[in-house]
Amino acid sequence: MKSKPNTVRLDAWDIRILSEVQADGRISKSELARRVHLSASACSERLRILEAAGIIEGYYARLSPTLTGGVIFVMVEVVLNRHRLEDQRHFETAIQEIPEILDCWAIGGRIDYLMRVAAPSMAAYQDLMEGLLQAGLGIDQYYSLVVTKPVKSNSAIPLVA
């Protein structure tokens, strides 16, 4: 069973390891150890602890949208009809199963959720949204913000020792 991330105290070695792994998830353990100036066994053990604690949630490849058949990205602001906990849970559970919804954040303010959606076309995006409205997820309103070009796309979290 994974422990909670806040149960592990990060030191300067851990920060170096996390920074390197964020920059290159495919780095070999021996190269990682060399870059952070630790023995391979010590580095591997720290990496194992960071993974077990849930601090490292996984390793991913960032794909080029233009080279994978083309895709549009839409940021979607969602407002729910009601704001009961059960309504929020219903919405949050349902969207977990929709692969086109890449990210979803519950946020404060005039909207309830902000989603990042990928679709092969505007027509496909519109079909997706109409399906969400018909699915009884409690969506009152949604606002679409079409991404016209990426300016900065970096999934790395800035870390400070």
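For the structure itself, look to the data block above.
S.K.: How do you make sense of the packing of helix α1 (residues 12-23) against helix α2 (residues 29-36) when you look at a structure like this?
M.R.: Describing two packed helices takes the angle between their axes plus the distance from one axis to the other. Here α1 crosses α2 at 130°, and the two axes come no closer than 10 Å. By the angle class used here, α1 and α2 are oblique. In the packing of α1 onto α2, the handedness of the crossing is right-handed. Here α1 contributes W13, R16, I17, E20 and V21 to the contact with α2, which in turn contributes L32, R35 and V36. In terms of residue class, the contact of α1 with α2 is built from five nonpolar, no polar and three charged.

S.K.: It is not clear to me how the sheet that holds strand β4 (residues 139-146) should be interpreted in this structure. Could you clarify?
M.R.: Sheet strands pair via backbone hydrogen bonds, and the direction of the pair is either parallel or antiparallel. Spatially, four strands are ordered β2-β3-β1-β4 in an open sheet, and the strand pairing comes out antiparallel. A strand with exactly one partner marks an edge of an open sheet, and here the two such strands are β2 (101-106) and β4. Looking at each pair of strands side by side, their axes are set apart by 20° on average, direction ignored. Sheet topology note: the β2/strand β3 (residues 113-119) ladder contains five bridges and is antiparallel. Bridge pairing in β3 places W105 opposite L114. Taken strand by strand, helix α5 (residues 122-134) contacts β1 (72-80), β2, β3 and β4, and its axis lies near 165° from that of β4.

Rules used throughout
- Residues numbered from 1 in each chain as written.
- Predicted model: local features only at pLDDT ≥ 70, side-chain atom pairs only at ≥ 80, totals over all residues.
- Heavy atoms only, no water.
- Axes fitted to C-alpha atoms, helices over the stretch in contact; angles between N-to-C directions.
- Helix = DSSP H or I, 4+ residues; strand = E, 2+ residues; numbered from the N terminus.
- Parallel < 35°, antiparallel > 145°, perpendicular 65-115°, else oblique.
- Left-handed = near helix turned anticlockwise from the far one by under 90°.
- Contact = heavy atoms within 4.5 Å.
- Nonpolar A, V, L, I, M, F, W, Y, C, P; charged D, E, K, R; others polar.
- Pairing = 2+ DSSP bridges.

On their own, these measurements won't tell you what the molecule is for.
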